Amino acid sequence: MGNHLFDLVRARIPAPEARFALIDDGRVFSYADMVEASARYAGALVSLGVKPGDRVAVQVEKSIEALMLYLGTVRAGAIFLPLNTGYTPAEIEYFLGDAEPSVFVCDPSKADALRPYAEKAGARLETLGVWRSHDVWAGTLPDRALASPAQFADVARGPDDLAAILYTSGTTGRSKGAMLSHDNLASNALALVDYWRFTKDDVLLHALPIFHTHGLFVATNTVLLAGAAMILLPKFDPEQVFKYMAQATAMMGVPTFYVRLLQDKRLGKETTAHMRLFVSGSAPLLAETHREWRERTGHAILERYGMTETNMNTSNPYDGERVAGTVGFPLPGVSARVVDPETGKALGRDEIGMIEVKGPNVFKGYWRNPEKTAAEFRADGFFITGDLGKIDPAGYVHIVGRGKDLIITGGYNVYPKEVEVEIDEMQGVVESAVFGCAHPDFGEGVTAVVVVRPGAEVTAASIQKALDQRLAKFKLPKQVFVVGDLPRNTMGKVQKNLLREQYKDIYLSRKAGE
Ligand code: AMP
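Parameters and conventions
- Residues numbered from 1 in each chain as written.
- Predicted model: local features only at pLDDT ≥ 70, side-chain atom pairs only at ≥ 80, totals over all residues.
- Heavy atoms only, no water.
- Salt bridge = Lys/Arg side-chain N within 4 Å of Asp/Glu carboxyl O.
- Helix = DSSP H or I, 4+ residues; strand = E, 2+ residues; numbered from the N terminus.
- Buried < 20%, exposed > 50% of the residue type's maximum accessible area, 1.4 Å probe, protein only.
- Phe/Tyr/Trp six-rings, centres within 6.5 Å; stacked < 30°, edge-to-face > 60°.
- Lys NZ or Arg CZ within 6 Å of the ring centre and 35° of its normal.

## Some details on the pattern of salt bridges
(1) Moving on: Summed over all chains, the structure comprises 31 salt bridges.
(2) Moving on: Measuring nitrogen to oxygen at the nearest pair gives 3.4 Å for the salt bridge that ties Asp160 to Lys364. A residue pair is termed long-range when its members are at least 10 positions apart, and Asp160 in the loop between helix H6 (140-146) and strand E9 (162-167) and Lys364 in the loop between strand E19 (353-358) and helix H12 (370-376) qualify at 204 residues.
(3) Moving on: Asp160 sits in the exposed class, given a relative accessible area of 56%.
(4) Moving on: A cluster of three or more residues bridged by salt bridges with shared partners is formed by Glu288, Arg291, Glu295 and Arg453.

Rendered as structure tokens:
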């Protein structure tokens, strides 16, 4: 038995000297460099006592070295466990306690603050910082990697062995560790390479963080299994994106990337002429953004849908129509259905219910949480995504929001998205978030928070009045608030949990019947 994921990576290397990564500090990594650097990291981990199945937890800034550490961990037969760079020491304490990694790698600047938590969890602390020059590396782990052999005999791992644990982003509850096998990652990346037509001639503009499934697996594994190249940017910065766009062929982004780029006058047909594909995901792309992007650049953004637990589930087609506001069709090998959330009975076309998926992309369960795992799977193996949606007569999947965001007011179900869509269409509105707040009469009261364009003459009262004409009475927000912006996490997801918390008392302070 070989190493399932890395064997596939090796088999798809176009040529040792082919470019793998262009880094914005001027370095170029060939595929031979990738194989060597990941061998050194694998060797460094083994020299630290890392054994197959051990977790290697990592909270570091984005860098090519961090990607080499990911591949090195896979080659060493261990489990890569990336953590959001925004997590505080208290949050890190929870993750280390839960995952019990044998090694925890952090930024050198955080080592002193995090060492006690690493020790408490029984993990050895190592550091990995940003590269400075060919002989100055920031961190104990790159030093150890440099001192390790340039070759490594990959540890045997089968398709079902774990390659990574990714903690869910926790916008609707405490983060849980999703266990992802070699085949979960490999099968999904291979499906995406085919579906999105990636070849060795592609160059991906990589501006996403690499602690999340989008930047780590969707972007990086797709490049690797296509034998393609990437331009690795430390973060999303429109200046950098415009600087490199003429050398790239594809970009993967969260909707906020596209919104931000649309605000830039440089965006147009000329600046995007070299590109063949723009992919969006991780949060809903407004139909308006899709339309504006197409008008300005001539490119239809390809929206897809996935999650930490399942990798990618659905995608708009490469050749067929990319329908704004939908997430397309189930990927080859993936089955998707919509069911009644209560009974689990399959629903017909256009009926809204719980989206469930099954396929080689779906994870192996939550780390050390068999109860939660059992609760999220049906007896026939389908995973209950927690997303509400429908499949239209043409087969396109639509998402209307997280199940936990469903508002039940006076016994009626209100899907936030149907209210948000109406508000977002109004002149002068940028975007909105609709959620439920506890209400003494109705159980929950529909509440809207709206961002308006500077100078637009839109008020809470004018929004309410306009909605009155368009929505059934029970769907009308009982209160509308105009705000400067919506709280978002690093993947561009609106944090409705924060909004619910902020506005939780607005109806409770009044007496019943008011
Ligand atoms: P995460 O596990 O952080 O990747 O979050 C996954 C969740 O993001 C999904 O369950 C959806 O609620 C949401 N999501 C991902 N892609 C899309 C999309 N294209 N449209 C709407 N929601 C999306």
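## Let's talk about unusual backbone geometry
(1) Moving on: Here Glu100, not a glycine, exhibits a phi torsion of approximately 45°, which is positive.
(2) Moving on: Looking at the secondary structure, you find Glu100 in the loop between helix H4 (89-99) and strand E5 (103-106).

## Remarks on the packing of aromatic side chains
(1) Moving on: Following the criterion strictly, the structure yields 18 aromatic pairs and no others.
(2) Moving on: Look at Phe236 and Phe257: their rings are 4.0 Å apart centre to centre, the planes differ by 10°, and that puts the pair in the stacked class. Of this pair, Phe236 sits in the loop between strand E12 (229-232) and helix H9 (238-244) while Phe257 sits in helix H10 (residues 255-262); the two residues are 21 residues apart in sequence, bridging distant segments of the chain. As far as the burial class goes, Phe236 and Phe257 line up, both buried.
(3) Moving on: Aromatic ring contacts, followed pair by pair, group Tyr87, Tyr94, Phe95 and Tyr167 into a single cluster.
(4) Moving on: Over the aromatic face of Tyr366 sits the side chain of Lys176, whose NZ or CZ is 5.1 Å from the ring centroid.
(5) Moving on: Above the plane of the ring of Phe382 lies Arg337, whose end atom (NZ or CZ) is 3.7 Å from the centre.

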